[in-house]
Amino acid sequence: MNRRTALKQMFIMAGGIMIATSCDFSSKSPSIQLNQIKLNHDDELFLAELVEAIIPQTDSPGAKELNLHLFVMKMLDDCTSPEDQKKFLDGLKAAHQVKGKPLAEQQAYLTSLDKDDIFFNILKRRTIQGYKNSEYVMKNKLVYELVPGRYNGAYKIEA
Amino acid sequence: MNWFQEDTMEPIKLRHNKMANLNIESAKDRSYDAIVIGSGISGGWSAKELCEKGLKTLVLERGRDVQHVKDYPTTNLYPWEFEHRNELPYAIKQENPIVNRCYAFHEDAAHFFVKDKEHPYVQEKPFDWIRGYQVGGKSLLWARQTQRWSDFDFEGPARDGFAVDWPIRYQDIKPWYDHVERFAGISGNKDGLPELPDGEFLPGYPLNVVEKYFKEQVERKFPGRKVISARCAHLSKPNQIHLDQGRVQCQNRTLCQRGCPFGGYFSSNASTLPWAAKTGNLTMRPNSVVHSILYDENKGKAVGVKVIDRETKEEIDFYAKVIFVNAAALNSTLILLNSKSKRFENGLGNDSGTLGKYVAFHNYSARISADYEGLLEYKTDGRNPAGGGYIPRFRNLHKQETDFLRGYAAGFGAYRSSWSDESGLGADLKDSILSPKYGNWGVGSHMMGETIPKESNYVALDGQQKDEWGIPLLKISVDYDDNDAKMKKDYLDTMEEMFTSAGFTNIRRNESSQAPGLDIHEMGGARMGKDPKTSVLNSWHQVHACPNVYVTDGASMTSTSTQNPSLTYMAFSARAVDHAVNELKKGNI
């Protein structure tokens, strides 16, 4: 068995993030390990609502089902400056007023935020990035080819 | 592929049982016919040629081992399998301001780059020194562009009165270009341009419909200027010699920086090193930091190489009749500078005082981009490993015609953009993302300017600071000059004129403030020349005053031309090995 297969048997790949299935989460911990920022399980559930408000389930899976809230958390933790992390967490706290509210109300809240709002920008940008680069979209919608095996420099677009 | 000779298993013993082994090991057991310092593009070629000619060859690589395919951990990963979707974490970017400026430093290939803190150096002036310390070196990471030099390049210094005259001309190197191209696999078209000689090509990759349009426009309106398919080290259609290396046709992935499981592009790991290993004459020793070349005052020649084991810091001497220095331009120069003896107090072969000086590079500090609103019924399909078009140098080609010396080549590429409205939220946003619209064509070009080697652009050993292997840090003092500034402006003006003339719109000039080094085409430091009083190497890449030491990488460059240099290093290495083996046979070295 090669290393990759072994790893795949140990972990479930979900939205590209490894979720350890054998860990016993306390009700307070998020389902991925965070090193820089503190979020609890409730925050995670709320973020799942928010990413779903950005890219909802329609006839195809939405952001929550694709675990994009975990991707947003991962990128916030690893790929964001401390200043922006703080602004995001402040923004998340402020957004709690729409926690558990209907999707439309959550969308209205997000739309009402300033267009330079760091919390909103990170949330939306990472959700879209995670969506476009998700296994689901790259296999079923905007298909990514790892091995094209060809190049045509004058491909006629069908009208 | 196993680097290690199965009969002796010597390097494995050295690695695992070093202390005990060394104590009983005699110098004879550490003796080879040839030593090659470095396993990148030029070192790989030196090793292959030496091994094929029957010499027992030790290759010393300062970094870790990287075996073809097996050690390309990211090569087959889909985008969603990268934890950060190929973005590097904030902390890594903060810790690595230098290497983070390199275009290929991302999650998929970061493991092949030297991190800033691992190998510090002293910047008297800003210099982005991009390095790859592993078996295969930067040959895993290079941009794979391969154009021959011509006599317009080799005669440049003599014609325009800078540096010193090259001791060779195109006819000296032509057979060796043929030789390395056949083996490495170079795709290109026979364009019939004297300034960019044709080679032993595999089929070229096509220009796309807009690149072709630009070619027609330029060649009609600007006589003397050409746009051709970029020539590159990819197997567009492999020959038997490539299949024999275990390589197959390039699959147009353009994920080359991860290492290619098909061997679709040329690297030491895919090509020259396993080929050398197959002869049974290769001993590869990774984790071997070369401290200096050992010079024997009585014999009047070099006798070996002092190595510091990267992991144990142990000092080990290896011996050979001939030594090839292929550590990449600045590190090869560093090794020579640090090889001090009674005979060479200021570094091996430094009688002229030019060692470390006349360092030059390629000026990549300007780009230009635009839109094209025509040919919208077309797009591209698949991916082009050549990257698009190449504009050979036309400026000051036949005679001096501007207020700056030399000129520039340029890349040119066109891509069909697509976009989706991402302003909304919810189901509309989702629909929009899933149904992107075609936009205009985007076009872009970057300059590759020749810079003039100068005594004031130099590298030297730092007087105080040493690295963790006890080797002085390299001090780098290299900068642009007025000639570069004038050339850059001319490039932008000229390209803008050509873009405008082709009907491109929304033209955007981009002057980057990037430091020298980021071009990763640093050259010189131990330049070739006819006169031992003004150069370090002779016409065969031998150190003038120590002819059993050959330097065949970027350090040897007398001038820089505008062409990407790697192909020329390959040809230099093969040519020099042929010379060295003949000289050994004759007893001359």
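Everything discussed here concerns the structure shown above.
Residues numbered from 1 in each chain as written. Chains lettered and ligands numbered in written order. Predicted model: local features only at pLDDT ≥ 70, side-chain atom pairs only at ≥ 80, totals over all residues. Heavy atoms only, no water.

Novice: Explain the overall build of chain B here, please?
Specialist: Counting its regular elements, chain B contains 14 helices and 21 strands. Whereas a compact globule of 589 residues would reach a radius of gyration of roughly 25 Å, chain B reaches 24 Å, a difference of no more than 12%. Across its three principal directions, the C-alpha atoms of chain B cover 75 × 55 × 50 Å. When each of the 589 residues of chain B is scored for burial, the buried share is 64%. When the accessible surface of chain B is totalled, it reaches about 20900 Å², and 48% of it is carbon and sulfur. (Helix = DSSP H or I, 4+ residues; strand = E, 2+ residues; numbered from the N terminus. Rg over C-alpha atoms; globule rule 2.2 N^0.38 Å. Buried < 20%, exposed > 50% of the residue type's maximum accessible area, 1.4 Å probe, protein only. Areas by Shrake-Rupley, 256 points an atom, 1.4 Å probe, with all protein chains shown as cover.)

Novice: Looking at this structure, I do not really get the packing of aromatic side chains. What am I missing?
Specialist: Note on aromatic pairs: each is described by the distance of the centres and the angle between the planes. Residue and element names in this part refer to chain B. On inspection of all chains with the given rule, the structure shows 30 aromatic pairs over all chains. Geometrically, the ring pair formed by tyrosine 372 and phenylalanine 504 is edge-to-face, given 5.3 Å between the ring centres and 65° between the ring planes. Within this pair, whereas tyrosine 372 is found in strand β12 (residues 366-372), its partner phenylalanine 504 is found in the loop between α13 (482-501) and β19 (505-511), the two being separated by 132 residues in sequence. Across the pair, phenylalanine 504 and tyrosine 372 agree in class, each one buried. (Phe/Tyr/Trp six-rings, centres within 6.5 Å; stacked < 30°, edge-to-face > 60°.)

Novice: Could you clarify how one ought to interpret the side chain of serine 365 of chain B in this entry?
Specialist: Summarising the element assignment, serine 365 of chain B is placed in the loop between β11 (362-363) and β12. In this structure serine 365 of chain B touches Met447, Tyr480, Lys488, Asn510, Glu511, Ser512 and Gln514 of chain B, once residues within four positions along its chain are discounted. (Contact = heavy atoms within 4.5 Å.)

Novice: In this structure, what is going on with the pairing of β12 of chain B? I would like to understand it.
Specialist: The side chains of a regular strand alternate between both faces of the sheet. Residues and elements named next belong to chain B. For β12, a buried count of 5 out of 7 residues is recorded, marking the element as mostly surrounded by other parts of the structure. Here β12 runs beside β19; their pairing, made up of 5 bridges, is antiparallel. In the sheet register, aspartate 371 faces β19, and the bridge partner there is threonine 505. Across 6 bridges, the pairing between β12 and strand β16 (residues 437-450) is antiparallel. (Pairing = 2+ DSSP bridges.)

Novice: Would you mind going over empty space enclosed by the protein with me for this structure?
Specialist: Picture a little ball the size of a water molecule; that probe, rolled over the atoms, points out where space is still empty. All names here are of chain B. This model, assessed by the stated rule, comprises 2 cavities of 30 Å³ or more. The calculated volume of the largest cavity comes to roughly 70 Å³. Forming the boundary of the largest cavity are 13 residues, of which Arg253, Thr254, Leu255, Cys256 and Cys260 lie nearest the centre. Classifying every residue of the lining of the largest cavity by side-chain character gives 6 nonpolar, 6 polar and 1 charged. The calculated volume of the second largest cavity comes to roughly 50 Å³. Around the second largest cavity, the lining residues are Asp153, Glu195, Leu196, Tyr390, Pro392, Arg393, Leu397, Thr562 and Gln563. Class assignment for the residues of the lining of the second largest cavity results in 4 nonpolar, 2 polar and 3 charged. (1 Å grid on protein atoms, 1.4 Å probe; cavity = no way out; pocket = protein on both sides within 12 Å on 5 of 7 lines; lining within 4 Å. Points joined across faces, edges and corners; volume = space filled by probe spheres on them. Nonpolar A, V, L, I, M, F, W, Y, C, P; charged D, E, K, R; others polar.)

Novice: Could you clarify how one ought to interpret the packing of helix α3 (residues 41-52) of chain B against helix α14 (residues 566-586) of chain B in this entry?
Specialist: Between two packed helices, what matters for the description is the angle formed by their axes and the separation of those axes. Residue and element names in this part refer to chain B. Closest axis-to-axis distance for the α3/α14 pair is 8 Å, and the angle between their directions is 30°. With respect to each other, α3 and α14 are oriented roughly parallel. In this structure, the crossing between α3 and α14 has a hand that is right-handed. Counting all contacts with α3, which are made through Ile41, Ser42, Trp45, Ser46, Glu49 and Leu50, the residues of α14 involved are Ser566, Tyr569, Met570, Ser573, Ala574, Val577 and Val581. (Axes fitted to C-alpha atoms, helices over the stretch in contact; angles between N-to-C directions. Parallel < 35°, antiparallel > 145°, perpendicular 65-115°, else oblique. Left-handed = near helix turned anticlockwise from the far one by under 90°.)

Novice: Sorry if this is basic, but what is going on with the interface of chain A and chain B here?
Specialist: Frequently, the measure chosen for interface size is the accessible area that the parts lose on association. Across the contact, 56 residues belong to chain A and 45 residues belong to chain B. Seen at the junction of chain A and chain B, the total is 4 salt bridges. Here glutamate 422 of chain B and lysine 132 of chain A are joined by a salt bridge, their closest N and O atoms 2.7 Å apart. Mapped onto the side of chain A that touches chain B, the elements with two or more residues apiece are α1 (3-10), α2 (41-54), α3 (68-78), α4 (82-95), α5 (103-112), α6 (118-132), α7 (135-140) and β3 (151-156) of chain A. Tallied by class, residues from the side of chain A that touches chain B come to 25 nonpolar, 17 polar and 14 charged. For β3 of chain A and strand β13 (residues 378-382) of chain B, the ladder comprises 4 bridges, and the chain directions are antiparallel. Each residue of the ladder has a partner; that of lysine 156 of chain A, found in β13 of chain B, is tyrosine 378 of chain B. (Salt bridge = Lys/Arg side-chain N within 4 Å of Asp/Glu carboxyl O.)

Novice: Explanation requested: the packing of α3 of chain A against α4 of chain A in the structure shown.
Specialist: Residue and element names in this part refer to chain A. Contact geometry of α3 with α4 gives a least axis separation of 9 Å together with a crossing angle of 140°. Taken together, the axes of α3 and α4 lie oblique to each other. Residues Val72, Leu76 and Asp77 of α3 form the contact with α4, whose participating residues are Gln85, Phe88 and Leu89.

Novice: Help me understand the sheet that holds strand β17 (residues 458-466) of chain B, please; the structure alone is not making it clear to me.
Specialist: Either a parallel or an antiparallel arrangement is found when strands of a sheet pair, and the pairing is made through backbone hydrogen bonds. Residues and elements named next belong to chain B. Read across the sheet, 3 strands follow the order β3-β18-β17 without closing on themselves; strand pairing throughout is mixed. Both outer strands of the open sheet, β3 (122-123) and β17, are each paired with one neighbouring strand and no more. Bridge count between β3 and strand β18 (residues 472-477): 2 bridges; the pairing is parallel. When the sheet's bridge partners are listed, glutamine 123 is paired in β18 with isoleucine 476. Across the sheet, helix α11 (residues 329-338) touches β17 and β18, and the angle it forms with β17 is around 60°.

Novice: Explain helix α8 (residues 209-221) of chain B to me, please; I cannot follow it from the model alone.
Specialist: Owing to its 3.6 residues per turn, the α-helix aligns residues three or four sequence positions apart on the same side. Residues and elements named next belong to chain B. For α8, with 13 residues, the first-to-last C-alpha span of 18 Å sits near the 18 Å given by 1.5 Å per residue. All of the buried residues in α8 are Val209, Val210, Glu211, Tyr213, Phe214, Gln217 and Val218. For α8, the N-terminal cap is asparagine 208; the gap from its side-chain oxygen to the backbone nitrogen of valine 210 is 3.1 Å. (Expected span 1.5 Å × (residues − 1). Polar contact = N/O pair within 3.5 Å; in protein donor to acceptor, adjacent residues only side chain to side chain.)

Novice: What should I look at first to understand unusual backbone geometry in this one?
Specialist: Comment: phi is negative for the bulk of residues other than glycine, and the bulk of peptide bonds are trans. Residues and elements named next belong to chain B. At arginine 85, a position not held by glycine, the phi torsion is positive, near 50°. Locating arginine 85 in the fold gives a position in the loop between β2 (57-60) and α4 (90-95). Residue class for arginine 85 comes out buried when judged on its relative accessible area of 9%. Of note in this structure, arginine 144 is not a glycine but carries a positive phi near 65°. Locating arginine 144 in the fold gives a position in the loop between β3 and α5 (151-154).

Novice: Is there a simple way to explain the pattern of salt bridges in this structure?
Specialist: Any two side chains of opposite charge can pair if their charged atoms end up close together. Residue and element names in this part refer to chain B. Applying the stated criterion across every chain yields a total of 44 salt bridges over all chains. Its salt-bridge partner being arginine 169, residue aspartate 165 comes within 2.9 Å of it at the nearest N-O pair. Residue lysine 174 pairs with aspartate 178 through a salt bridge whose shortest N-O separation is 3.2 Å. You can see lysine 174 and its partner aspartate 178 sitting in helix α7 (residues 170-184), 4 residues apart, about one turn around the helix. Overall, the relative accessible area of 29% leaves lysine 174 in the partly exposed class. Connected via shared salt-bridge partners are Arg148, Lys174, Asp178 and Glu181.

Novice: Would you take a moment to explain the pairing of strand β21 (residues 546-551) of chain B for this structure?
Specialist: All names here are of chain B. Where burial is concerned, most of β21 is hidden: 5 out of the 6 residues are buried. Sheet topology note: the strand β10 (residues 315-325)/β21 ladder contains 3 bridges and is parallel. From the neighbouring strand, valine 325 faces β21, where its bridge partner is valine 551. Relative to β21, strand β20 (residues 542-543) is paired through 2 bridges, and the arrangement is antiparallel. Its bridge partner being in β21, valine 543 is matched across the sheet by cysteine 546. Where β20 folds back on β21, the antiparallel hairpin that results is connected by 2 residues.

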